[in-house]
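# Structural overview
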Amino acid sequence: MQENAPYREACIIGNEFSRLGSHLVNLKKKNDVAILVSNEALTALKWFGIEATAAGDHGIGYNDVVRWLYDTLFKMNIECDFVWPESDNLDQYKAIFVPALYAAPDELLEKLKQYTANGGTLVATFKTAFANENVKVSHEMQPHILSNCFGISYQQFTFPKNTGLSGSIINETANGADEKAETKVFMELLMPQEAEVLASYDHYNWKEYAAITKNHYGKGTAIYIGCMTDDNTLKAVLTEALNSAEVEIPEYSWPVIVRKGTNDLGKCVRYILNYSAEEQKVVYHGADGTELFSEESVQDGDSIAVLPWNLKIVEEA
C-alpha cells in the first residue's frame, strides 16, 4: 500500500514541533489593540437585528460586524486582544475597536468616554450606544453618552441602495476604477458637531450627511463608522485610527501573517505563515536570530522564502 503523503508530512511537522517545544510553549504576548465584544449586544441584535431589505439579502448580525473588523485587522497583521464590558484594564491599550455595541449600560459608555479622554483611540461602528442593558432605547441624542466624545449625533438611519462614499479617507484607499467605495446593508445619517468628516454619502438624497467621522476628545481620538463599507474603505479607516494611536502597522499583509510573542527563555519568537498556494518572499525585520526548523541564522533585512501553506519560526538570539 502506498504511504499517505499528507499523513507522513503531518507526522514530520509533529515531530519537529516536539523537538522545538521548549522554544514555543507558554508564549507571552502584550497587544496594543483590543476589540470589545459584548454578549448583551449580540443577544439584543438577535431581537432587533439589521433586517434584510431586498430579495436575496439576509441582513447581518452582531458577529458579522465583529468579523468585518477583526478580519481586516488580521489581514493587516494587527494583533489584538478581545475584551468585554467588565474589563477594567482598558488604559493598557492604545486603540480599542467597538463593533455594534447596541445594548450597553451607562457605566460602560462612561468608561469608554473616559478611556478616550485619557488619551486612547476609540473606534466604534454603527449600532453603538443605542439602548441600555435592558434594550431600552435612549430618548436622548444618539449615540447615547458618547455623542460629544465622537463629536456627532444622528436622528435617522436607513438601508443603502446605490449609495457610494466620497471624502478624504476614500482617496487613500486602493479602490480601482471598477471597485467604487460604497456603503452596504445599513447606514446612519450622521450630523457632525465638532467632528472632522472623513467620508460622506455619495447619493443625491443623503449627501449632506456624514458617513465616517474623526474627533479629538480630551487627549484622545474617537472615530465613528456610521455604515458598513467595502473592505478597502474599512482598511483605510483602520489605518487612520492606528496611526492616530501610534500603533505600528507591519509592512506584511495577507497572505503573509506574522505573529510574535516571548517564550519561556525570554526570547522573541516570530511565526511567519503563508496562507496561499504560492511561495512568499518575506523581508525579516527584527533582532538577529535562528529559524528553528532549519536551524539557519537569520539577520535583520534577510529575505525568507516561505513555501505554500507553510511557515517559518524565527527565534531572536
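Residues numbered from 1 in each chain as written. Predicted model: local features only at pLDDT ≥ 70, side-chain atom pairs only at ≥ 80, totals over all residues. Heavy atoms only, no water.

## Here we look at the pattern of salt bridges
- Counted according to the given criterion, the structure contains 7 salt bridges.
- For aspartate 264, the salt bridge identified is with lysine 28, shortest N-O distance 3.5 Å. Residue aspartate 264 is located in the loop between strand E12 (256-262) and strand E13 (268-274), and its partner lysine 28 is located in the loop between helix H2 (21-24) and strand E1 (33-36); the two are separated by 236 residues in the primary sequence.
- Judged by relative accessible area, aspartate 264 falls into the partly exposed class, the value being 42%.
- Residues glutamate 316 and arginine 270 are paired through a salt bridge, measuring 2.6 Å at the closest nitrogen-oxygen approach. Of this pair, glutamate 316 sits in strand E18 (residues 311-316) while arginine 270 is found in strand E13, placing the two residues 46 residues apart along the sequence. Comparing glutamate 316 with arginine 270 shows no difference in burial state: the two are buried. (Salt bridge = Lys/Arg side-chain N within 4 Å of Asp/Glu carboxyl O. Helix = DSSP H or I, 4+ residues; strand = E, 2+ residues; numbered from the N terminus. Buried < 20%, exposed > 50% of the residue type's maximum accessible area, 1.4 Å probe, protein only.)

## As for the side chain of threonine 221
- With respect to the element layout, threonine 221 can be found in strand E10 (residues 220-225).
- Owing to a relative accessible area of 8%, threonine 221 belongs among the buried residues under this scheme.
- Residues contacting threonine 221, with those up to four places away along its chain left out, are Thr116, Gly120, Thr121, Leu122, Lys214, Asn215, His216 and Ser244. (Contact = heavy atoms within 4.5 Å.)

## Points about the sheet that holds strand E15 (residues 289-291)
- Reading across the sheet, the 5 strands line up as E12-E13-E18-E15-E16 and stay open at both edges, with antiparallel pairing between neighbours. Pairing within the sheet leaves two strands with one partner each, and these edge strands are E12 and strand E16 (296-298). Averaged over all adjacent pairs, the angle separating strand axes in this sheet is 25°, with direction ignored.
- Relative to E18, E15 runs antiparallel, the two being bridged by 3 bridges. Bridge pairing in E18 places glycine 289 opposite glutamate 316. (Pairing = 2+ DSSP bridges. Axes fitted to C-alpha atoms, helices over the stretch in contact; angles between N-to-C directions.)

## Some remarks on the packing of helix H4 (residues 62-75) against helix H7 (residues 231-244)
- One way to put it is that H4 packs onto H7 with a least axis distance of 10 Å and a crossing angle of 70°. As judged from the angle between their axes, H4 and H7 are roughly perpendicular. Taking contact as the criterion, the partners of Trp68, Leu69, Thr72 and Leu73 in H4 are, on H7, Asp231, Leu234, Lys235, Leu238 and Leu242.
- Each residue belonging to the contact of H4 with H7 can be placed in one class, and the counts come to 6 nonpolar, 1 polar and 2 charged. (Parallel < 35°, antiparallel > 145°, perpendicular 65-115°, else oblique. Nonpolar A, V, L, I, M, F, W, Y, C, P; charged D, E, K, R; others polar.)

Function-wise, these values are silent; they only describe arrangement.
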